[in-house]
Amino acid sequence: MIKKFIMMGGLCLLSATIFAQKKPVFNLQPKEDTEVSPIVKEKVDEYAKKIDTIIKEEKKLMEVELTELQSKNLSKAEFDEQKSLIASRYSEKIDQRIEELGFDMDAVIQKQVRYSLLNSDVTSNEELKEKLLKKFRPTKDVSPYISYSIMNLTNSKADNALDNNLRYAGNFEFGFKFNYQFSRTSPWGLISGVGFSWRTLIIDNNMFVTKDTNSNVYLANYEKGLSKSKLRTGYIIVPLGLQYNFSKLKNAGLDVQYRDYSDGFKVGANIYGGIKMSTNNIIKGEGISDRDRGDYRVSPFIYGAQFTVSYDDFSIFVKKDFGNFFKSGTFENDKALTFGVALWW
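Since this is a predicted model, take the numbers as computed values, not measurements.

1. So, helix α3 (residues 76-100)
Helix length check: α3 (25 residues) gives 36 Å between terminal C-alpha atoms against 36 Å at 1.5 Å per residue, within 8%. For α3, every residue scored as buried is listed here: Phe79, Ile86, Tyr90, Ile94 and Ile98. Positioned one or two residues after α3, glycine 102 has a phi angle of 70 degrees, which is positive.

Given below as structure tokens:
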């Protein structure tokens, strides 16, 4: 039941992020988000009212002239020509009066840009610098990730029965990554989080994993033919490591510099440890359809190291377990080595 809830949550998370085309980030440094500066809004409203007054005044004067023009009983062609000249003259007059208002559009735009960056109207360089320091703080956030990798079972000994009958192995994983940049300008940061991993071994040659009366695990042959033979194990995994970002320093003004920790080219290295949730042995074929959740001597704990190369939200990585895939005595010395891709790691 726990696994079903976790899988459902993962699928909902994946669907939401794919359709949104945007990575959800839980920022640990909340700030208010508003759209228009109150000062800018006040100035624009005042300017708009003045323009409206000018237009109404000139329009009223123009209507008086047009009334006088109508009383002259001119031909339609002459009337239209005189009307066009009057409209043109009042249009130029309106433009001139608006220009005389002296509205500084560049200054207003500057204020709005500053407000959009800082969510505040500032009146001094000291206050501006304080706001910039708050705006461009070191990254501290939690974001979801998802990955898939191809898994190999390395073995320094001679091939065992599993090695000889393993068709494919893969690892699907999703979870949450914690980013902690050491300082505003530092390229270094701590990475951690929690992930849910499902490692699947697909057995070939009509072989399947089974147990004898003494609970010893081995591969047996199914004579009628199998369409599916899988051993799937779920783990909860916690990584801990470092990430280095190669992006250049940026200048926010007033000697405030910062570095985009999450964007650009990055490399990371971490160790990880995990604890087993459950193991499923899935068998389907002629005259058989069985799914057994039991102890198939898969290691209850995993630990290893990961190296990752990333650009923006896309990553490639390699993982290596330091411990055996199975408990001692079962398919000895098989260790997982995975190569994969990830989003948002």
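So that's the structure; there's more coming.
2. A closer look at unusual backbone geometry
Even without being a glycine, arginine 297 presents a positive backbone phi close to 60 degrees. Relative to the elements of secondary structure, arginine 297 occurs in the loop between β11 (288-293) and β12 (301-311). If you check the backbone angles, phenylalanine 331 has positive phi at about 45 degrees while not being a glycine. Tracing the backbone through its elements, the reader meets phenylalanine 331 in the loop between β13 (314-321) and β14 (335-343). Using a relative accessible area of 12% as the deciding quantity, one classes phenylalanine 331 as buried.

3. Concerning the nonpolar core
Core analysis: the largest hydrophobic core is formed by 21 residues, its most contacted members being Leu162, Leu201, Ile203, Val209, Leu231, Phe325 and Phe326. When residues of this core are traced back to their parent elements, those giving at least two are β2 (140-154), β4 (188-203), β5 (207-211), β6 (217-221) and β7 (226-245). If one sorts the elements of this core by residue count, β7 sits on top with three residues. For phenylalanine 325, the residues in contact, after removing those within four places along its chain, are Met151, Leu153, Arg199, Leu201, Val298, Ser299, Asp334, Lys335 and Ala336. If you look at the next biggest cluster of nonpolar residues, it comprises six residues, including Ile191, Phe317, Ala342 and Trp345.

4. Comments concerning the environment of serine 278
For serine 278, the position within the fold is in strand β10 (residues 265-285). As for serine 278 and glycine 294, which are separated by 16 residues in sequence, their C-alpha atoms are 7.5 Å apart.

5. A short note on the pairing of strand β3 (residues 166-181)
Looking at chain direction, β2 and β3 are connected through eleven bridges and run antiparallel. Bridged to valine 142 within β3 is phenylalanine 178. Taken together, the 15 bridges between β3 and β4 define a ladder with antiparallel strand orientation. From the neighbouring strand, phenylalanine 178 faces β4, where its bridge partner is serine 192. Between β3 and the antiparallel strand that follows it, β4, lie six residues.

Cut-offs used in this document
- Residues numbered from 1 in each chain as written.
- Predicted model: local features only at pLDDT ≥ 70, side-chain atom pairs only at ≥ 80, totals over all residues.
- Heavy atoms only, no water.
- Helix = DSSP H or I, 4+ residues; strand = E, 2+ residues; numbered from the N terminus.
- Expected span 1.5 Å × (residues − 1).
- Buried < 20%, exposed > 50% of the residue type's maximum accessible area, 1.4 Å probe, protein only.
- Core = buried A, V, L, I, M, F, W, Y, C linked by side-chain atoms within 4.5 Å.
- Contact = heavy atoms within 4.5 Å.
- Pairing = 2+ DSSP bridges.

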